[in-house]
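Observations on the three-dimensional arrangement
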Amino acid sequence: MKIFNKNNDKDTASLWKKEAKRLEKERNQLFTELESVKGYRKQYEDLIEEVSQLKARYSKLIQQVETIGDEYKKKLQDIVDAK
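Criteria and cut-off values
Residues numbered from 1 in each chain as written. Predicted model: local features only at pLDDT ≥ 70, side-chain atom pairs only at ≥ 80, totals over all residues. Heavy atoms only, no water. Helix = DSSP H or I, 4+ residues; strand = E, 2+ residues; numbered from the N terminus. Rg over C-alpha atoms; globule rule 2.2 N^0.38 Å. Buried < 20%, exposed > 50% of the residue type's maximum accessible area, 1.4 Å probe, protein only. Areas by Shrake-Rupley, 256 points an atom, 1.4 Å probe, with all protein chains shown as cover. Lys, Arg positive; Asp, Glu negative; His and termini not counted. Charge placed at Lys NZ, Arg CZ, Asp CG, Glu CD. Patch = residues over 30% accessible without salt bridge, like charges linked within 9 Å, V, L, I, M, F, W, Y side chains within 5 Å. Salt bridge = Lys/Arg side-chain N within 4 Å of Asp/Glu carboxyl O.

1. Digging into the overall build of the protein chain
Secondary structure summary: the protein chain contains one helix and zero strands in total. Whereas a compact globule of 83 residues would reach a radius of gyration of roughly 12 Å, the protein chain reaches 35 Å, over 25% beyond that. For the protein chain, the C-alpha atoms occupy an extent of roughly 120 × 15 × 10 Å along the three principal directions. The buried share among the 83 residues of the protein chain stands at 0%. Roughly 8500 Å² of accessible area belongs to the protein chain as shown, and the carbon and sulfur atoms make up 59% of that amount. Separation between the mean location of the 19 positive side-chain charges and that of the 16 negative ones in the protein chain comes to 9 Å.

Below, the structure written as structure tokens:
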């Protein structure tokens, strides 16, 4: 009794080919998903950079508004004291 005869070798080769095609398809799908994730990561990093720049800009603007508000309070106090 021989386990591997010619017919079984063809069946085995056919199964290996099917499995190889399935694995290649799965690899390609995962590679595509990986590229998508890399794109999302780049967008996320760009957004973080943009938010950092906006934070710095708004901090500067808030400081300017506070300075102007303090100047107006001082001038108002000078007007009230002058009366």
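There is more to say, and it comes next.
2. With respect to a nonpolar patch on the surface
Judged by side-chain polarity, Leu54, Tyr58, Leu61 and Ile62 come together as a nonpolar surface patch covering roughly 350 Å² of accessible area. Given the relative accessible area of 44%, Tyr58 is considered partly exposed.

3. Looking at the pattern of salt bridges
Throughout the structure, instances matching the rule amount to five salt bridges. Two residues, Arg22 and Glu19, come together in a salt bridge whose shortest N-O distance is 2.6 Å. Of the two residues, Arg22 and Glu19 both sit in helix α1 (residues 6–82), three residues apart, roughly one turn of that helix. You can call Arg22 partly exposed: its relative accessible area is 43%. One salt-bridge network, in which partners are shared between bridges, spans Glu19, Arg22 and Glu26.

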